[in-house]
Amino acid sequence: MDFALREAASALKKREVPIGAIIVHENRIIGKGYNQVETLRDPTAHAEMIAITAAADAMENHRLVDCTMYVTLEPCSMCAGAIVLARLQRLVYGTPDPKAGACGTIVNVAQNARLNHRVELVSGVLEEKCSGMLREFFRAVRANGMGKPGVN
């Protein structure tokens, strides 16, 4: 999770919502990403999506069997769907997302019995560090009168 937090710090430096993700296969990081929604002007440029694309490229396969994703915030429904489609074995996340969490908080796409793949979930890893970074970011956004992240 420390490596995912480093990715989140990269997002923070670019004034993006500080969320980071890594994907590990056989104890080696094969994909990493941080939020780039504002930078790329792309609503799909979430940390998880970028990490999945990088990992699929590294594995030369769209199926990421026997891989684990570590992400600082519980994935949204888009990312949880991509995690299922990529056949990730395990998802480890830092802090739940009470507004968009799709791995148990609002819905549970990752373990939906009606889908053809279910992901093992582990939550609360370095939760305080993960949630603290997000809290501080949004506190600064509000204090600066910024209407949205990444914009003055």
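*Asks:* Help me out: how do you make sense of the nonpolar core in this one?
*Replies:* Side chains of nonpolar character tend, in soluble globular proteins, to be buried together. Among the nonpolar cores identified, the biggest contains 31 residues, and I23, I52, L64, M69, L88 and L91 are the most heavily contacted of them. Secondary structure elements with two or more residues in this core: β1 (20–25), α3 (47–59), β3 (67–73), α4 (77–85), β4 (90–95) and α5 (127–143). Not counting residues within four places of it along the chain, the set of residues in contact with M69 comprises I22, I23, E48, I52, I83, L88, R90, L91 and V92. Formed by five residues, the second largest nonpolar core is a distinct cluster that contains M1, A4, L5 and C130.

*Asks:* Is there a simple way to think about unusual backbone geometry in this case?
*Replies:* The general pattern is negative phi for most residues beyond glycine and trans for most peptide bonds. With a phi angle near 50°, E26 is a residue other than glycine that sits in the positive phi range. Along the polypeptide, E26 turns up in the loop between β1 and β2 (28–34). One non-glycine residue, D66, lies in positive phi territory at about 65°. By secondary structure assignment, the location of D66 is in the loop between α3 and β3.

*Asks:* Help me understand the sheet that holds β1 in this model?
*Replies:* Across the sheet, which stays open at both edges, the five strands sit in the order β2-β1-β3-β4-β5 with mixed pairing between neighbours. Strands with a single pairing partner mark the edges of an open sheet, and in this sheet they are β2 and β5 (120–123). Neighbouring strand axes in the sheet, compared pairwise and without regard to direction, differ in orientation by 15° on average. By the bridge criterion, five bridges tie β1 to β3 in an arrangement that is antiparallel. Residue I23 lies in a different strand from β3, and its bridge partner there is M69. Contacts from helix α1 (residues 2–13) reach β1, β2 and β3, with the element oriented near 145° to β1. Lying on the sheet, α5 is in contact with β3 and β4; it crosses β4 at an angle near 60°.

*Asks:* What exactly am I supposed to notice about the packing of α3 against α4 here?
*Replies:* Angle between the axes and distance between the axes: these two values describe a pair of packed helices. Relative to each other, α3 and α4 sit at 20°, their axes nearing to 9 Å. Judged on the interaxial angle alone, α4 and α3 are roughly parallel. The interaxial crossing formed by α3 with α4 has left-handed handedness. Across the interface between the two elements, E48, M49 and I52 from α3 touch M78, C79, A82 and I83 from α4. Class assignment of the residues belonging to the contact of α3 with α4 gives a composition of six nonpolar, no polar and one charged.

*Asks:* I tried to follow the environment of R90 on my own but got confused; where do I start?
*Replies:* In this fold, R90 is placed in strand β4. Put simply, R90 and A9 are 81 residues apart on the chain and 23 Å apart in space, counted from C-alpha to C-alpha. With residues near it in sequence (within four places) discarded, R90 still touches C67, T68, M69, V119, E120 and V122. For R90, the side chain forms a polar contact with the side chain of T68, separated by 2.9 Å. At a separation of 3.1 Å, a polar atom in the side chain of R90 contacts the side chain of E120.

*Asks:* Which parts of the structure should I look at to understand the pairing of β4?
*Replies:* Two faces make up the sheet, and in a regular strand the side chains alternate between them. Taking burial as the measure, the six residues of β4 include five buried ones, the bulk of the element. Inspection of the sheet shows β3 paired to β4 by five bridges, in the parallel sense. Note on β4: the bridge partner recorded for L73 is T95. For the handedness criterion, the β-α-β arrangement of β3, α4 and β4 is classed as right-handed. Judged from the four bridges that link them, β4 and β5 form a sheet pairing that is parallel. If you follow L91 over to β5, its bridge partner there is L121.

Reading guide: rules and limits
Residues numbered from 1 in each chain as written. Predicted model: local features only at pLDDT ≥ 70, side-chain atom pairs only at ≥ 80, totals over all residues. Heavy atoms only, no water. Core = buried A, V, L, I, M, F, W, Y, C linked by side-chain atoms within 4.5 Å. Buried < 20%, exposed > 50% of the residue type's maximum accessible area, 1.4 Å probe, protein only. Helix = DSSP H or I, 4+ residues; strand = E, 2+ residues; numbered from the N terminus. Contact = heavy atoms within 4.5 Å. Pairing = 2+ DSSP bridges. Axes fitted to C-alpha atoms, helices over the stretch in contact; angles between N-to-C directions. Parallel < 35°, antiparallel > 145°, perpendicular 65-115°, else oblique. Left-handed = near helix turned anticlockwise from the far one by under 90°. Nonpolar A, V, L, I, M, F, W, Y, C, P; charged D, E, K, R; others polar. Polar contact = N/O pair within 3.5 Å; in protein donor to acceptor, adjacent residues only side chain to side chain. Right-handed = clockwise from strand over helix to strand, strands pointing away.

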